[in-house]
Amino acid sequence: MSRRDELKRRLEERKRKQRKRRSRLVLLVLLLLLLLVSRCNCVEDPEPIQGPAEPVPEVQAEPPPEPVVRPMRPKIEGIDRPAFETEPMAPLPWLASFRLQASARSPRLADCFVGAERPGRLRWTASVDPVRGQVSEQRIEPVSAWDSLTQEQTACVKGVLAEPAYRLKTEGGPSTPSRVSMVIEF
């Protein structure tokens with residue numbers, strides 16, 4: 001008998017044993033189900049028929065309590081006030097330079113998205129100090145549901161957009177940090 005015939009015989013024997021085990025398992029499961037069904041008392045015994053029920057004595061319901069009347073508050077009349085006029089805020093003189101410098105970082109930003117499945121967009125919001133050129137309180141938000149970023153990508157984007165510091169000229173504008181937001185496509 002050759003080795004190949006021996007292997008075929010063993011394989012057939014193994015298959016036969018597996019079929020036998022399966023059939024035993026199926027038979028065991030069927031017997032358990034039959035046992036459970038035979039012990040099930042699913043049908044309730046009918047209740048014995050009784051004569052007419054005795055009348056229930058009537059109970060007098062208490063009248064509802066009278067509503068509490070609270071004194072009315074006097075109506076306060078409005079006061080006519082002059083319209084509050086505000087002057088529109090002047091555009092930040094350094095904003096165009098900031099956007100230009102942020103967009104110049106796109107080659108470094110591209111490194112953050114190597115291996116991304118599809119292009120996307122995100123909104124970057126940060127406080128920008130125009131005197132020192134530093135950004136703080138950065139927030140990255142996906143524009144749509146499929147633009148989500150991993151933690152590594154978010155950290156990379158924040159790092160690229162924060163360092164090195166921006167060179168901004170305030171030119172008489174406010175020198176306090178301002179909140180700036182921009183959309184970045186990747």
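The coordinates are above.
Small disclaimer: the values here were computed from a predicted structure and weren't measured.

Rules used throughout
Residues numbered from 1 in each chain as written. Predicted model: local features only at pLDDT ≥ 70, side-chain atom pairs only at ≥ 80, totals over all residues. Heavy atoms only, no water. Helix = DSSP H or I, 4+ residues; strand = E, 2+ residues; numbered from the N terminus. Buried < 20%, exposed > 50% of the residue type's maximum accessible area, 1.4 Å probe, protein only. Polar contact = N/O pair within 3.5 Å; in protein donor to acceptor, adjacent residues only side chain to side chain. Core = buried A, V, L, I, M, F, W, Y, C linked by side-chain atoms within 4.5 Å. Contact = heavy atoms within 4.5 Å. Pairing = 2+ DSSP bridges. Axes fitted to C-alpha atoms, helices over the stretch in contact; angles between N-to-C directions. Phe/Tyr/Trp six-rings, centres within 6.5 Å; stacked < 30°, edge-to-face > 60°. Lys NZ or Arg CZ within 6 Å of the ring centre and 35° of its normal. Salt bridge = Lys/Arg side-chain N within 4 Å of Asp/Glu carboxyl O.

### Structural notes on the side chain of Thr125
1) Next: Note that Thr125 resides in strand 1 (residues 121–129).
2) Next: Its relative accessible area of 14% is what places Thr125 among the buried residues.
3) Next: Separated by 3.2 Å, the side chains of Thr125 and Ser181 make a polar contact.

### Side note on the nonpolar core
1) Next: Among the nonpolar cores identified, the biggest contains 23 residues, and Trp94, Phe98, Trp124, Val135 and Tyr166 are the most heavily contacted of them.
2) Next: Among the elements of the structure, helix 2 (95–103), strand 1, strand 2 (134–142), helix 4 (151–162) and strand 3 (178–185) are those that each provide at least two residues to this core.
3) Next: Discounting residues that sit within four places of it in the chain, Trp124 has contacts with Phe98, Val135, Gln138, Arg139, Ile140, Leu161, Tyr166, Val180, Ser181, Met182 and Ile184.

### Overview of the sheet that holds strand 3
1) Next: Taken together, the three strands give an open sheet; going across it, the order is 2-1-3, and neighbouring strands pair in antiparallel fashion. Each end of this open sheet is capped by a strand with a single partner; those strands are strand 2 and strand 3. With strand direction ignored, the average angle separating the axes of adjacent strands in the sheet is 20 degrees.
2) Next: Examined bridge by bridge, strand 1 and strand 3 share eight bridges and lie antiparallel to one another. By the bridge assignment, Arg121 is partnered in strand 3 with Glu185.
3) Next: Set on the sheet, helix 2 makes contact with strand 1, strand 2 and strand 3; between it and strand 3 the angle comes to about 35 degrees.
4) Next: This element, helix 4, spans strand 1, strand 2 and strand 3 of the sheet and lies at about 145 degrees to strand 2.

### Notes on the pairing of strand 2
1) Next: Relative to strand 2, strand 1 runs antiparallel, the two sharing seven bridges. Bridge pairing in strand 2 links Asp129 to Gln134.
2) Next: The loop that links strand 1 with its antiparallel partner strand 2 comprises four residues; one of these, Gly133, has a positive phi angle of about 75 degrees.

### Observations concerning the packing of aromatic side chains
1) Next: Counting across every chain of the model gives three aromatic pairs.
2) Next: When the ring of Trp94 is compared with that of Phe98, the centres are 6.2 Å apart and the planes differ by 90 degrees; the resulting orientation is edge-to-face. Side by side, Trp94 and Phe98 carry an identical accessibility label, which is buried.
3) Next: On the basis of an interplanar angle of 25 degrees and a centroid distance of 5.8 Å, the ring pair of Phe98 and Trp124 is categorised as stacked. Taken as a pair, Phe98 in helix 2 and Trp124 in strand 1 lie far apart in primary sequence, 26 residues in all. Of the two residues, Phe98 and Trp124, neither departs from the other in class, the shared state being buried.
4) Next: Stacked on the ring of Tyr166, the Lys or Arg Arg105 has its end atom at 3.9 Å from the ring centre.

### Remarks on the pattern of salt bridges
In a structure, side chains of opposite charge can pair up when their charged atoms sit close to one another.
1) Next: Scanning all chains against the criterion turns up seven salt bridges.
2) Next: Of the charged contacts, one joins Asp129 and Arg132 as a salt bridge, the two residues approaching to 2.8 Å between their closest N and O atoms.
3) Next: What makes Asp129 buried here is its relative accessible area of 10%.
4) Next: A residue is classified by how much of its surface remains accessible, and Arg132, at 55% relative accessible area, is exposed.
5) Next: Taking the shortest distance from any N to any O, the salt bridge between Glu137 and Arg179 comes out at 3.7 Å. Taken together, the residues span a long stretch of sequence, with Glu137 in strand 2 and Arg179 in strand 3 at a distance of 42 residues.
6) Next: Its relative accessible area of 58% is what places Glu137 among the exposed residues.
7) Next: Put simply, Glu6, Arg9, Arg10, Glu13 and Lys17 are held in one network by salt bridges that share partners.

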